Structure formats: C-alpha cells, structure tokens
Amino acid sequence: MAIKTTAFGYPKIGPNRELKKVVESYWAGEITKEQLYSEAEKIQIQRLTILKNAELDLIPSNDFSLYDFVLDISTMLGVIPKRFGGNLDLDTYFAMARGSKTAIACEMTKWFDTNYHYIVPEFEVEFKLLKNRPLESYKFAKEKLGIETKPVLIGPFTYIWLGKVPQKQEGKLLTHMVKANETPKFKDLVFSASKVYNMILKELEENGVKTIQLDEPSLVLDLEDEDVTTLIEAYKILTDGLEKIEIFVHTYYESLSKYEKIVFDLPVHGIGLDLTINDENFDNIKRFGFPSDKKLIAGVVSGRDPWKIDFQKTVDLINELLKFVNEDRLILSNSSPLFHLPISIEPEKGHLDDKLLGLLSFANERLDELKILKKIFNENYPVPSQNLQALRDEFKDDEVRKKVAQIDEKKIGRKDSFSERYKKQISMLGLPKFPTTTIGSFPQTKEVRKARADFNSGKISNEEYENFIKEQIKNVIDVQEKLGLDVLVHGEFERSDMVEFFGQKMKGFAFTKNGWVQSYGTRYVRPPIIYGDVSRPEPMTVKEITYAQSLTSKPVKGMLTGPVTILNWSFYRKDIPKKEIAYQIALALREEVLDLERAGIKVIQIDEPAFREGLPLKKSKQKEYLEWAVNAFKLTNELVKPETQIQTHMCYSEFNEIIDYIYAMDSDVILIEASRSKGEILDAFEKFNYDHGIGPGVYDIHSPRVPSVEEMLEIAERSVKVIDKNLIWINPDCGLKTRNWEEVIPSLQNLVQVAQIMRERY
Ligand code: GLN
Ligand code: ZN
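Since we're looking at a predicted model, the values are computed, not measured.

1. A closer look at the overall build of the protein chain
Consideration 1: For the protein chain, the count of helices and strands is 27 helices and 23 strands.
Consideration 2: At 27 Å, the protein chain has a C-alpha radius of gyration in line with the 27 Å of a compact globule built from 762 residues.
Consideration 3: The C-alpha extent of the protein chain, read off along each of the three principal axes, is 80 × 65 × 50 Å.
Consideration 4: The proportion of buried residues among the 762 residues of the protein chain is 47%.
Consideration 5: For the protein chain, long-range pairs separated by at least 24 residues make up 77% of all intrachain contacts whose partners lie at least 6 apart in sequence.

Right, here's the structure in full:
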C-alpha cells in the first residue's frame, strides 16, 4: 500500500487567458457556438493533460466551466428562472449570468471569503435533471485522453445554502429574494436536490465511474445541529441504492464545523479537510480521531495562498496524520480549489525577483509539490532542502517592524471628538447644508487608457504622459466647478486600479506579468503579492492632488485606498499575522495623509470598499478581525488636525452586523452605496443612531442611465427621516470610472439639483 494523491479546482482560464478570449468573441458574435465549444475543448484537453502528467491517483474532471461552476449546477438541475424562458441552451446560460434584453441577470455574489463571485441560484421551479454534466465530463476525459477521472461538483447542501428563494414577483422583476438557508424551505430544497443528485450518481455508477467528489464548503460555516441533521438525511437520500461508487465530501476555506458528528456520521467514503488554513482540523483529528472506515483527503498544499510549502514541515504533518489514518486511507490533495492561484510561475521568470520566485508556488507548482510529497513517502525520495526563512529575511525591514511593534493599540485614533472636529471643518470649508461631492474617479475613457498603455510601452515620454494627466485634471476641475459641486476630486486618471496604483509605489509589493485569477466569468484580476515589509519611499499622490487644488478655490479631496482594502485584494504573506501587515500599510498611508495635509489639502478620502471582504467565515473570529481592521483605518489618519476632514467610502457592503465597527472607524464622513436598495441600507444606521457625516449614494453608477431628480430625491428624503439633516451629504454610489461623460454630466446636474431642493426644504 502507498499514499495516494489527488487535486481539484485547477484554473479554467487557460495559460494565456484563452477562455476569456473565446467567450468574449462569442458574445461579440465573432465566432459561432460550435467554434466556442471546440476552442473550449482545446482548453479542457490542455488542462486535463497537465493533471494527467501530475501523476495523480485520482484525476479530477467536471471542474471546468464556461462561466461559473455554480451556474453549471443550476442549469444541470433545471434551476432556470422563468424570466429566461426555461430552456437550457448556451444563450440562456449566458443570459442568466449577464442579463438579456428581456430579463435581468441573476444576482452575483462573493464565494465564501474569496475574491471569486458566483451566480446566485433562484429556487422558483422544481428540480429536474436536464443534463448529467459530470457524466459528460467523465466520458470526455476517457474518450480524448483515455483516462479515468473523478468528477467534481458542488454538493447539494452547499448548492442550496448559496441560493435564494424569491418572495414576491412583479412582472419580470424579482422584487425580493431571501437566502434559502434562512427559510423553513431549506430542508425540503436540500432533500429534493439530493434526489436529483442520486439520479446523477446512479448514472455515473452505471457508466463505471469509481469515485466522485462533492464539494461542501458551507460545512465550515457556523452550522446549527438542525443543519447537520438535514445534511446527514440528505446524504442518505443521495446515496440511496448506490453500491460501488465511492463518494468523497470535500470541505475547505476553514475547519469543518461540528467535526465529530459530520466526520463520523456522514454516510460517505471520504472526507476532505483543509489542513493549511489553520490547525483546527488537525487538532480535531487528534482529539476525536478519524473514522477507520473512511478515507481522509488531506489538504496539505494551499489553494489560496501562493507560498511554496515547507517540505519538512509538511512531511512531519503527514507523519502525524498517519498515526490516526491508515496509509491506504490517506490521500494527499490541495486544501482548497486551485483556481484562486495563477497557473504557473514560469512566465514570471526573469520578471519577478529570483528570491521571490524561490518562495512562490502557483497551481502547476502545487501539483509538483504533491508529486514530490508522494515520492517522499512511497519511494524514499529525499526531502528537498529549502531555506525559506533565509529568503524571507531578505525582505525584512527592521525599521518597519519596530514601528509596528511600538503601536499602542489602546491609543489609536484622533484626539478631538467628532462634534468638535465637524464644526471646525464645516466652517473652515465653508460648506452649505447637504454638501455635494463624488467618490473619486471620473470616466476612464479610451483616450485615458490609451495614454497609459502608450506610456507603459514607452511610446510616449514621462513628461508627455504627465502633461496628458494634467490636462485631464484641469478639465475635470472645470467640469465640477461648472456643475456646482462643493467638494471636488481630481478624477483618478493616473490610476489603473485602486490597489495596484498604491502597491506599485510602496515597497514590499510585487506584480506578476501573467498571474491572472478568475474573479467572475470573464473578469480576471492580477492580485499584487505582498512579500516584504511595507513602506512608502516617497509621496504617492501629492503631486496630482496639489495640482488639482491649485486650479480651484473649492476644496479638492486627497484620495487614498485604505489599508484593509489593499490587504484584502492582494496575496499576502503567512509568516507574520495579517494584522501586522495591515498596520504596516496603515503606517505608510499615514505618512501620505500627513504629506497631503502639509500641502494644504483639507479633505482626505480613504476608501475601504473591501473592508467587509476579509470578514472571517466563523463568527467567533470576526471580532478580532474587525477590531484590527478598524485600528488600521484609524492609524492612517489619527495625526491630522481636527479641521482636516477624513472621509471614507464603502460599497458592496451590508452594514447590519458590523455597524458598530463602521462607527468605530470614526471617519468624519462615510459615503456609501444606497441607491440600489432605495436607501434601505440606512436602516442599519438609523437603528444604531449613527451621528457622523454620511452620504447615502443617490446615483446608481452601476447602470448606464441618467437618474432623474425625483428618484434621487426619494433617497435624500429617506435620509433626512433617519439621520440629522446637518450630517447628510449628497453623492453618487461609487466612482464614475466605468461610466461615460454623456451619462455623467446630466446625472450630476440632477444630483446638484437634488441638493438645492433639499436645502430649500430643510
Ligand atoms: N475612489 C474610487 C473610485 O472612485 C473608489 C472605487 C471603489 O469603491 N471600488 O473609483
Ligand atoms: Zn465603491
């Protein structure tokens, strides 16, 4: 007997983003459906070949998708909302994801605590098996490459957990949807889905499939006993009448909830546990043991972070596991799907620093690590010698570490109270009631993007580029003055991305050439890698902001991305606590804030749209995160004068559970997304008696239309009912970067009019 290996969730995008290219050309009508399918087959064969060459004992299949793997389950189970016509074809599939002329798209939301986004299932019709996708994928791999595979798909419990039940329907528009797991229907939905899964598995068994992997990441959330009962009942339905097929249930991103009960009682043949995220699963194994009739699929190489494993430590861990699990029942695996990582470090050779490359492992390198681990155990292959710590030490900055160590967490924050500060600010800035402002960016036109590309490729000189940016700033200041806005912005034309821009100016960040990761559908991102201690060698934004300020007598906002957002949208190191990295970034930003203040900037906005994104999955860990996240934000601006106004902006956020922490950030003004919920979001602020400045976004910048005075007024009116009128600001929901000037000008004209009406009324 010998230890086996498997893997799952390998990136779908292709080494050169081939998937994006073919899907988008199909959308643009440049290629036919047949061409799309045949190109997609090529990508599938390529990735299956890589997986085959990884010498895995269980090669995964069915983990490829044209758009989203949750949407794949929906279309497989007939979960197609009526507004899409109910037929399963390729265009319906894409319409559910992106909307069509006649039907609005399904909602898209964050996948657990990752930066992946899935299409939310809407349970309004009965489940019916439209297409056995796992079987098709299994057959495809067998036909094309002659390999046996293990189909992988989301399990029924998690699938239902992630979906929503529509409550009310008005014509084609869904007015209100609630989370399926919060309704009494949850159990029934899971059971009905499990019946269809049972049919799928029977067909798989009949076709000779030996093993199937069902991913149930929702089992790491805070489950109630009732949920566990539902889960176990569901798996009885799902496995009913099956004889030979082996079923593995995989959990990841956190430790399994209710370990003892689930691991021992779930009627399946194997359990996958994430052993890289923290020690909790391993501690549970030591404490409760592991059932002798099940296999342990041990996630020992991370699917989430890009750091090479420490071979000796991993070998030690596996040896410890072998005390609890028989060798023939241990399967080594990645801990969570590999699609959170770029494909390979190969294209980065010669681009990234060699020392840094020595620390990195992307998806292909994870497969290599599994290969080596297996050899170490089965073939007495020597444990590779590494000196990771020495490499990491190369990027250490003692100065920075010392400064962070000196932070007294109890004393972080501004010294004067909000009410004293705000009074001074309003009189110094000479602001009217209901002041108007925007979130920062103005349209990033083709022209702007071309100038940046030309600058990056050396086609235009630094001076030419800077002059171009200056012209843009001059224009946008002029536009805002004519519109009559009160607090102006410089437009962010010099920024491609709000995190990348700052990362490129700070020490400790690296940027890959080809390190794309799917965020959703055909949208891929290249997350920065925070590999060293962070500092700011020189001012990052002062030049553009002071130029903008020199053009007007109205206040121009300094515009920064906050420490928590920079951290949450990057890959970050694991050898020091996340909190310390946040504080390092915060201290670097603090210098920038002070430089801006010294340069005469009176309002500084520090954006934290990803503040909530880092919220731990387990409730018991959320307080700790929120506390240091608030501290990091406060650190950035604690040293400014009381008359300097600090604003922040947050979007994509539900505030209900975290409102006390939002308040604790002690920002003078918070600008939030509010228009899509017609101001409903303000309820959380009302309940809390929120008494700092607040700008509920009245203009939904996500849709390409001009909002009327009336609809924006409705939200402004709702705000005065729940918040002190002297604290209300009038502004859009988010930055205007993705809009075009033709929409922006009339929309902002209407917005300014809303403020004027409010001033007359109140
Ligand atoms: N200041 C940024 C902008 O206006 C904020 C972007 C965001 O919230 N995602 O574009
Ligand atoms: Zn935003």
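2. Considerations on the environment of Ala632
Consideration 1: Relative to the assigned elements, Ala632 resides in helix α23 (residues 622-637).
Consideration 2: Excluding residues that lie within four positions of it along the chain, Ala632 makes contacts with Pro563, Val564, Ala582, Tyr583 and Ala586.

3. Looking at the pairing of strand β19 (residues 603-607)
Consideration 1: Extensive coverage of β19 is indicated by the burial of five of its five residues.
Consideration 2: Neither face of β19 is exposed, since Val603, Gln605 and Asp607 on one face and Ile604 and Ile606 on the opposite face are all buried.
Consideration 3: Both β19 and strand β20 (residues 645-650) contribute to a ladder of five bridges, which runs parallel. Looking at β20, one finds that Asp607 is bridged to His649.

4. A short note on the UniProt feature "binding site: Zn(2+)" (unreviewed entry) in the protein chain
Consideration 1: UniProt records the feature "binding site: Zn(2+)" (unreviewed entry) for His649, Cys651, Glu673 and Cys734 in the present numbering. Their sequence span is 86 residues, while the largest C-alpha to C-alpha distance among them is just 8.5 Å; these annotated residues converge on one region.
Consideration 2: Considering the arrangement of structural elements, one finds His649 in strand β20.
Consideration 3: For His649, the residues in contact, after removing those within four places along its chain, are Ile439, Gln605, Asp607, Pro609 and Leu671.
Consideration 4: Mapped onto the fold, Cys651 is located in the loop between β20 and α24 (659-664).

5. Some details on the site of ligand 1
Consideration 1: Around ligand 1, the surrounding shell holds 13 residues, and the nearest of these are Ile439, Gly440, Ser441, Pro609 and Gly735.
Consideration 2: Taken together, the residues of the shell around ligand 1 sort by class into six nonpolar, four polar and three charged.

6. Some points on the UniProt feature "binding site: Zn(2+) 1" (unreviewed entry) in the protein chain
Consideration 1: In the UniProt entry, the feature "binding site: Zn(2+) 1" (unreviewed entry) is given for His649, Cys651, Glu673 and Cys734.
Consideration 2: Judged by the 28 C-beta atoms lying within 10 Å of it, His649 is buried.
Consideration 3: Residue classification places Cys651 among the buried positions, given that 20 C-beta atoms sit within 10 Å.
Consideration 4: Filtering out sequence-adjacent residues up to four positions away, Cys651 remains in contact with Pro609, Glu673, Asp733 and Cys734.

7. Focus: the sheet that holds strand β9 (residues 246-250)
Consideration 1: Read from one edge to the other, the open sheet built from eight strands follows the order β1-β12-β11-β10-β9-β8-β5-β2, with strand pairing classed as parallel. The two strands at the open ends of the sheet, each matched to only one other strand, are β1 (4-5) and β2 (59-61).
Consideration 2: Helix α13 (residues 363-378) contacts β1, β11 (295-301) and β12 (330-334) of the sheet and is inclined by roughly 160° relative to β12.

8. A short note on the pairing of strand β5 (residues 149-154)
Side-chain direction in a regular strand flips from residue to residue, so the side chains alternate between the two faces of the sheet.
Consideration 1: With respect to burial, β5 is a largely interior element, six of its six residues being buried.
Consideration 2: Side-chain alternation along β5 places Thr149, Pro151 and Leu153 on one buried face and Lys150, Val152 and Ile154 on a second face that is also buried.
Consideration 3: As defined by bridge partners, β2 adjoins β5 across three bridges and the pair is classed as parallel. Looking at β5, one finds that Ile59 is bridged to Thr149.
Consideration 4: Direction of pairing for β5 relative to strand β8 (residues 211-215): parallel, over a ladder of three bridges. Along β8, the bridge assignment pairs Leu153 with Leu214.

9. Considering the packing of helix α26 (residues 709-722) against helix α27 (residues 741-761)
Consideration 1: Look at α26 against α27: their axes get within 9 Å of each other, and the N-to-C directions meet at 50°. In terms of orientation, α26 and α27 fall into the oblique class. Here the hand of the crossing between α26 and α27 comes out right-handed. Residues Val709, Met712, Leu713 and Ala716 of α26 lie in contact with α27, whose contacting residues are Asn750, Leu751, Gln753, Val754, Ile757 and Met758.
Consideration 2: In the contact of α26 with α27, the residues fall into eight nonpolar, two polar and no charged.

10. Notes on the sheet that holds strand β13 (residues 507-510)
Consideration 1: Across the sheet, three strands lie side by side as β13-β16-β18; this open sheet has mixed pairing. Edge positions in the open sheet fall to β13 and β18 (571-572), since each of these has one partner strand only.
Consideration 2: Across two bridges, the pairing between strand β16 (residues 529-535) and β18 is parallel. Opposite Ile530, over in β18, you have Tyr572 as the bridge partner.
Consideration 3: With respect to the sheet, helix α22 (residues 578-598) is in contact with β16 and β18, its orientation differing from that of β16 by roughly 50°.

About the thresholds
Residues numbered from 1 in each chain as written. Chains lettered and ligands numbered in written order. Predicted model: local features only at pLDDT ≥ 70, side-chain atom pairs only at ≥ 80, totals over all residues. Helix = DSSP H or I, 4+ residues; strand = E, 2+ residues; numbered from the N terminus. Rg over C-alpha atoms; globule rule 2.2 N^0.38 Å. Buried ≥ 20, exposed ≤ 12 C-beta atoms within 10 Å, placed from the backbone. Contact = placed C-beta atoms within 7 Å. Pairing = 2+ DSSP bridges. UniProt positions renumbered as here; feature names shortened; annotations may be inferred. Near = placed C-beta within 6 Å. Nonpolar A, V, L, I, M, F, W, Y, C, P; charged D, E, K, R; others polar. Axes fitted to C-alpha atoms, helices over the stretch in contact; angles between N-to-C directions. Parallel < 35°, antiparallel > 145°, perpendicular 65-115°, else oblique. Left-handed = near helix turned anticlockwise from the far one by under 90°.

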